[in-house]
Amino acid sequence: MIVDVVLGSERRARRRFQRDALARACYDERGVFLEGRRAELDLLRAMGGVEPSLGRLYEGHFNAALLVALFGNEEQRRRAHRDATAAELFAVWNTQDQDPVRIEPRRSGYVLSGAKTWASGADSVTRALITARRRDGGVQMCLVPLDRCSATVDDSTWRPHGMADSNSFRVAFDEIELVEDDLIGAPDDYERNPWFGGGALRFVAVHAGIVDRLMRETLTYLVQQGRSEDPYQRARAGELRVAAQSARNWLRTGEDAWNAFDAAPTERNAATVVDAVDMARVAVERAALDSIELAVRSVGAHGLVEPLPFSKLICDLQMYLRQPAPDAALARVGTAGFLHVNASRSAVIADSTGSSR
Ligand SMILES: Cc1cc2nc3c(=O)[nH]c(=O)nc-3n(C[C@H](O)[C@H](O)[C@H](O)COP(=O)(O)OP(=O)(O)OC[C@H]3O[C@@H](n4cnc5c(N)ncnc54)[C@H](O)[C@@H]3O)c2cc1C
């Protein structure tokens, strides 16, 4: 079924977010969450624990607010802040369809054509930050007011393994007219580090929230079933707790790296952010996959029948864990390790040469 996008008021009626939750997406022009990094990550983690798809939408809303704060001009920042306060839902739609989104200059402005896939919240977002390919190959961010222009939402192929409620549909833009004011930042700002690579910490936070919920639901179920005294179940409960705590600890490692960068935005601190967040991604993915196995063994087939929460939680987590370029993140972690070893060897050699003089 192809659904033509309807006006924002109707979408707003379907939205399950609390108004104040959306209004909290406030960043300064350095990209720092106004309530602090800890609060940002805690909010995302909590939202993941409530409902994974809501966590995904919230994560996109935060990312868009951050990108406008970081790369937008003063007027764009002011407007985005006002819109978020008025409970407009933002998103970042970067993943290209086979017919990728491109932007062409026109005499009076620009024209946007092509389609995005995996556009989370396609039925409810009113402010979509979309990346568009320019003629010269650069990537331009555009903030598209979906309640004021017509895009086509296609949910016909949306039958996912999990995260069905994220409504990550295909959205097509057929010659949408934009003005200069709808363009955010300069070409290729979207992929600037540490915000691009280090931004993965937001989805890691939501994943950590889902892992925590899976642990709590499993332990509660075992108590309800009178199975908490069994030594095997106790051992798995212990491992589940360790996995959930590891995920939280890795979030703190990422947070510390961001705090160091916020205090001193040097190239070295930027590289540390990307490295720490890459490691957090890898470690939290491992903790999540282990938790899924432990939970399934603990609750058994009986536990995987709805309305018990396990089947949906596990499918959602398995699906949401599939984020861009996981192999590349792990390879970067390995490469950084070799760079550190080589740097320390050079330092030792320089030291010994210096001291022998
Ligand atoms: C629930 C959900 C919501 C989403 N919402 C949004 C959204 O709102 N906006 C948005 O922009 N995107 C969204 N996405 C898309 C997301 O950002 C990723 O692009 C997508 O999940 C990656 O899909 P994939 O695992 O099939 O990737 P792939 O890139 O196909 O990766 C699959 C595997 O292949 C490896 N691989 C990758 N590239 C290569 C290569 N060149 N050669 C060999 N191996 C390779 C990867 O490391 C991985 O192991 C969403 C995804 C999910 C699951």
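Figured I'd write up the structure that's included with this text. In this text the structure is predicted, and so the values were computed from the model without any measurement.

### Description of the side chain of E88
Counting through the fold element by element, E88 comes out in the loop between α5 (74–85) and β2 (90–93). Within the local environment of E88, its side chain forms a polar contact with the side chain of T126, the two groups lying 2.6 Å apart.

### Things to note about the site of the ligand
Not every one of the 15 residues close to the ligand is listed here, only the nearest: R56, N94, T95, W118 and R322. Side-chain polar atom of T95 to a nitrogen atom of the ligand: 2.8 Å apart, as the coordinates give it. Residue R322 places a main-chain N or O atom 2.7 Å away from an oxygen atom belonging to the ligand. Looking at the shell around the ligand, the elements with two or more residues in it are β2 and α11 (326–356).

### Some words on helix α7 (residues 200–224)
With 25 residues, α7 ought to run about 36 Å at 1.5 Å a step, and its terminal C-alpha atoms sit 36 Å apart, in line with that. With 19 of its 25 residues buried, α7 lies for the most part within the structure. Where α7 ends, the next residue or the one after it, G226, has phi of about 65 degrees, a positive value.

### A look at the side chain of S53
Locating S53 in the fold gives a position in helix α4 (residues 52–71). Residue contacts for S53: discarding those within four places in its chain leaves M163, D165 and S166.

### Here we look at the environment of S108
Along the chain, S108 turns up in the loop between β3 (102–106) and β4 (109–119). For the pair formed by S108 and S228, sequence separation is 120 residues and the distance between their alpha carbons is 68 Å.

### Some points on the environment of S53
For S53, a relative accessible area of 1% corresponds to the buried category. Once the C-alpha coordinates of S53 and D316 are considered, the two residues, 263 residues apart in sequence, prove to be 7.8 Å apart.

### Some words on the packing of aromatic side chains
Per the counting criterion, the structure on display carries 11 aromatic pairs. Geometrically, the ring pair formed by F33 and F62 is stacked, given 5.3 Å between the ring centres and 25 degrees between the ring planes. Taken together, the residues F33 in the loop between α2 (19–23) and α3 (37–50) and F62 in helix α4 connect sequence positions 29 residues apart. Members of the aromatic cluster, each reached through a chain of ring pairs, are Y27, F33, Y58 and F62.

### Things to note about the nonpolar core
Soluble globular proteins tend to bury their nonpolar side chains together. By size, the foremost hydrophobic cluster in this structure holds 95 residues, and its most contacted members are W93, L112 and F173. Top element by residues in this core is α7. It accounts for 12 residues. If sequence neighbours within four positions are ignored, F173 has contacts with W93, V101, L112, S113, G114, K116, I130, L146 and A151.

### Examining the pattern of salt bridges
Enumeration over the complete set of coordinates arrives at 33 salt bridges. The closest approach of N and O atoms between E35 and R24, which form a salt bridge, is 2.6 Å. Of this pair, E35 sits in the loop between α2 and α3 while R24 sits in the loop between α2 and α3, placing them 11 residues apart in sequence. Exposure remark for E35: the relative accessible area of 40% places this residue in the partly exposed category. A relative accessible area of 34% means that R24 is categorised as partly exposed.

Calculation notes
Residues numbered from 1 in each chain as written. Predicted model: local features only at pLDDT ≥ 70, side-chain atom pairs only at ≥ 80, totals over all residues. Heavy atoms only, no water. Helix = DSSP H or I, 4+ residues; strand = E, 2+ residues; numbered from the N terminus. Polar contact = N/O pair within 3.5 Å; in protein donor to acceptor, adjacent residues only side chain to side chain. Near = heavy atom within 4 Å. Expected span 1.5 Å × (residues − 1). Buried < 20%, exposed > 50% of the residue type's maximum accessible area, 1.4 Å probe, protein only. Contact = heavy atoms within 4.5 Å. Phe/Tyr/Trp six-rings, centres within 6.5 Å; stacked < 30°, edge-to-face > 60°. Core = buried A, V, L, I, M, F, W, Y, C linked by side-chain atoms within 4.5 Å. Salt bridge = Lys/Arg side-chain N within 4 Å of Asp/Glu carboxyl O.

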